Amino acid sequence: MTKQYTIPIFVPHYGCPFDCVFCNQKRITGYSTDVNEDTVRDTIEEYLSYFDREARIEVGFFGGSFTGIDKKIQIELLKVAKEYKLEGKIDGIRLSTRPDFINQDILCLLKEYSVDTIELGVQSLNDEVLLKSGRGHTSEDVYKAIELIKSNGINLGLQMMTGLPGDDFNKSLDTCLEFIKINPYCVRIYPTLIIKDTYLERSYLEGKYKPLELKKAIRDVAIYLMLFELENIEVIRVGLQATDNIQLDKDVVAGPFHPSFKQLVQSYIYMEILELHLRDLQTENSQLIINANNKEISSIVGQKAINKNELYNKYKFKDIKFNGDLEFATGSMKIKIDNYSKMINYKKTIELILKEKSII
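It should be emphasised that the depicted structure is a prediction, and the values quoted were computed from it without experimental measurement.

**Re the pattern of salt bridges**
Okay, step 1: Evaluation of the coordinates by the stated rule reveals 20 salt bridges.
Okay, step 2: Between R94 and E58 there is a salt bridge, with the nearest N and O atoms lying 2.7 Å from each other. Here R94, found in strand β3 (residues 92-97), pairs with E58, found in strand β2 (residues 56-62); they are 36 residues apart in sequence, far enough to count as distant.
Okay, step 3: One salt-bridge network, held together by shared partners, links R56, E58, R94, E119 and R188.

Structure follows, in structure tokens:
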């Protein structure tokens with residue numbers, strides 16, 4: 001698989017008149033709104049200096065509602081990215097924006113400047129959740145934007161958040177299932193964090209809002225991730241990216257934050273997979289050997305060996321070995337318990353797990 005790199009250009013809160021309850025884009029991104037043509041050019045040159053050109057490279061305008069920026073500024077920023085694309089130095093251009101900041105005129109401009117992918121900050125398709133979160137748009141706005149983007153032949157990305165005010169597992173599950181029906185090019189999943197200097201922080205301090213606990217966020221997001229994986233929809237990020245400031249006791253006041261949140265979710269899924277195949281076997285005082293692709297071993301073992309320890313404690317193995325092999329097919333693993341062995345298919349097993357949980 002070809003490596004992919006994104007050169008991020010942050011335009012936090014540029015062009016967005018709304019104050020969503022969870023939002024403080026400057027703290028989230030760590031960038032001000034002073035972005036211009038020179039900023040874009042300098043950032044692209046910096047990243048290109050250490051990216052492997054054999055990889056697929058794209059420029060991404062993130063952080064704010066890009067299509068809400070003054071049209072002249074949009075053109076100023078996009079023309080630099082288009083220049084690099086025409087020269088063959090990058091392969092794609094993507095941006096993020098709000099669903100209600102999409103119309104045909106905007107899309108014509110974006111196509112003129114060779115934008116490949118638009119990510120919509122949908123967050124939820126439940127109108128009550130959108131209202132309580134101060135989003136300033138409805139689910140109808142989302143569907144209209146999606147239809148326009150798809151009809152213009154631009155790749156569609158969708159972003160969802162879990163744990164917003166008024167949200168619960170089933171409401172986020174409905175959003176996830178609707179995303180699957182829409183069949184986007186890619187998805188991001190963000191558990192809601194309480195960031196400093198936001199309305200959500202005030203609500204939290206006043207006892208009016210309670211964030212998801214980390215363990216519940218992991219369990220919930222694992223379900224959504226499995227559903228997307230089952231339908232071959234690429235999830236390009238799970239959890240807010242950790243930075244110097246995006247840490248607990250810094251700009252993150254509370255919420256299910258972990259610098260390796262995605263790995264925690266993946267490890268949880270692997271443990272569910274192993275348990276489904278181990279629960280009916282005689283395991284006490286046996287040796288368990290797990291073979292898998294090298295890239296998957298760390299998630300199978302779990303951070304701080306959480307899965308390994310759980311296997312020892314729950315199934316009373318006398319010994320557990322994990323063998324990583326780059327030649328081993330991804331999406332499969334082999335378990336061996338003494339004289340018993342079995343090949344496990346990742347996708348078939350997550351389908352069984354989702355059926356057992358009555359999710360599908």
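**Comments concerning the sheet that holds β3**
Okay, step 1: Taken in spatial order, the seven strands of this open sheet run β1-β2-β3-β4-β5-β6-β8, and their pairing is parallel. Lying at the two open borders of the sheet, with one neighbouring strand each, are β1 (4-10) and β8 (234-238). Averaged over all pairs of adjacent strands, the angle between strand axes in this sheet comes to 25°, irrespective of strand direction.
Okay, step 2: Summarising the sheet, strand β4 (residues 117-123) and strand β5 (residues 155-162) pair through six bridges and their orientation is parallel. Each bridged residue has a counterpart across the sheet, and for T117 the counterpart in β5 is N155.
Okay, step 3: Along the sheet face, helix α3 (residues 71-86) touches β2 and β3 and points at about 155° away from the line of β3.

**Some details on the packing of helix α10 (residues 261-278) against helix α13 (residues 346-356)**
Okay, step 1: The geometry of α10 relative to α13 is characterised by a closest axis approach of 10 Å and an angle of 85° between their N-to-C directions. Classed by the angle they form, the pair α10 and α13 counts as roughly perpendicular. Judged by residue contacts, I269, Y270, E272, I273, L276 and H277 of α10 engage Y346, T349, I350, L352, I353 and E356 from α13.

**A few points about the side chain of S172**
Okay, step 1: Within the secondary structure, S172 sits in helix α7 (residues 169-182).
Okay, step 2: S172 sits in the buried class, given a relative accessible area of 2%.
Okay, step 3: Excluding residues within four positions of it along the chain, S172 makes contact with M160, M161, T162, G163, D167 and Y224.

**Section: the nonpolar core**
Okay, step 1: Ranked by size, the top nonpolar core spans 93 residues in total, and within it I7, F61, I118, L120, F228 and L311 carry the most contacts.
Okay, step 2: Looking at this core element by element, the count peaks at eleven residues for helix α9 (residues 214-230).
Okay, step 3: Leave out the neighbours within four places in its chain, and I7 touches T43, I44, Y47, L48, F51, I57, E58, V59, G60 and I90.
Okay, step 4: Ranked by size, the runner-up nonpolar core spans twelve residues in total, among them V21, V129, M161 and Y209.

**Observations regarding α9**
Residues lying three or four places apart along an α-helix face the same way, a consequence of the helix completing one turn every 3.6 residues.
Okay, step 1: End to end, α9 covers 24 Å across 17 residues, agreeing with the expected 24 Å (1.5 Å per residue, within 8%).
Okay, step 2: Within α9, twelve of the 17 residues are buried, which leaves it mostly tucked inside the rest of the structure.
Okay, step 3: All buried positions along α9 are accounted for by A217, I218, D220, V221, A222, I223, Y224, L225, M226, L227, F228 and L230.
Okay, step 4: Contacts made by the buried residues of α9 are with β5, α7, β6 (186-191), β8, α10 and α13.

**Topic: the pairing of β4**
Okay, step 1: Along β4, seven of the seven residues are buried, which leaves the element largely enclosed by surrounding structure.
Okay, step 2: The two faces of β4 match: T117, E119, G121 and Q123 on one face and I118, L120 and V122 on the other face are all buried.
Okay, step 3: Looking at chain direction, β3 and β4 are connected through four bridges and run parallel. Note that in β4 the partner of S96 across the bridge is E119.
Okay, step 4: Chirality of the crossover, the property in question, places the unit of β3, helix α4 (residues 104-112) and β4 among those that are right-handed.

**A few points about the sheet that holds strand β10 (residues 287-292)**
Okay, step 1: Spatially, β11-β10-β12-β13 is the arrangement adopted by the four strands of the open sheet, whose pairing is mixed. Since the sheet does not close on itself, it has two edges, and those belong to β11 (319-324) and β13 (340-345), each with one partner. The average angle at which neighbouring strand axes cross in this sheet is 15°, direction not considered.
Okay, step 2: In the sheet, strand β12 (residues 332-337) pairs with β13 via six bridges, with the strands oriented antiparallel.

**A few points about the environment of N155**
Okay, step 1: With respect to the helices, strands and loops of the structure, N155 is situated in strand β5.
Okay, step 2: The exposure class of N155 is partly exposed, given its relative accessible area of 28%.
Okay, step 3: In sequence terms N155 and L227 are 72 residues apart; their C-alpha atoms lie 20 Å from each other.
Okay, step 4: Leave out the neighbours within four places in its chain, and N155 touches D116, T117, I118, I149 and Y185.

**Examining the environment of L276**
Okay, step 1: Position of L276 relative to the elements: it lies in helix α10.
Okay, step 2: With sequence-adjacent residues up to four places away left out, L276 is seen in contact with T349, L352, I353 and E356.

**Observations concerning the packing of α10 against helix α12 (residues 306-315)**
Okay, step 1: For the pair α10 and α12, the least separation of the axes is 11 Å and the interaxial angle reads 30°. Comparing their axes, α12 and α10 come out roughly parallel. In the packing of α10 onto α12, the handedness of the crossing is right-handed. In this structure, α10 contributes S267, Y270, M271, L274, E275 and L278 to the contact, and α12 contributes N307, E310, L311, K314 and Y315.
Okay, step 2: A breakdown of the residues in the contact of α10 with α12 according to their chemical character gives six nonpolar, two polar and three charged.

Parameters at a glance
- Residues numbered from 1 in each chain as written.
- Predicted model: local features only at pLDDT ≥ 70, side-chain atom pairs only at ≥ 80, totals over all residues.
- Heavy atoms only, no water.
- Salt bridge = Lys/Arg side-chain N within 4 Å of Asp/Glu carboxyl O.
- Helix = DSSP H or I, 4+ residues; strand = E, 2+ residues; numbered from the N terminus.
- Pairing = 2+ DSSP bridges.
- Axes fitted to C-alpha atoms, helices over the stretch in contact; angles between N-to-C directions.
- Contact = heavy atoms within 4.5 Å.
- Parallel < 35°, antiparallel > 145°, perpendicular 65-115°, else oblique.
- Buried < 20%, exposed > 50% of the residue type's maximum accessible area, 1.4 Å probe, protein only.
- Core = buried A, V, L, I, M, F, W, Y, C linked by side-chain atoms within 4.5 Å.
- Expected span 1.5 Å × (residues − 1).
- Right-handed = clockwise from strand over helix to strand, strands pointing away.
- Left-handed = near helix turned anticlockwise from the far one by under 90°.
- Nonpolar A, V, L, I, M, F, W, Y, C, P; charged D, E, K, R; others polar.

Nothing here speaks to function; it is all geometry.
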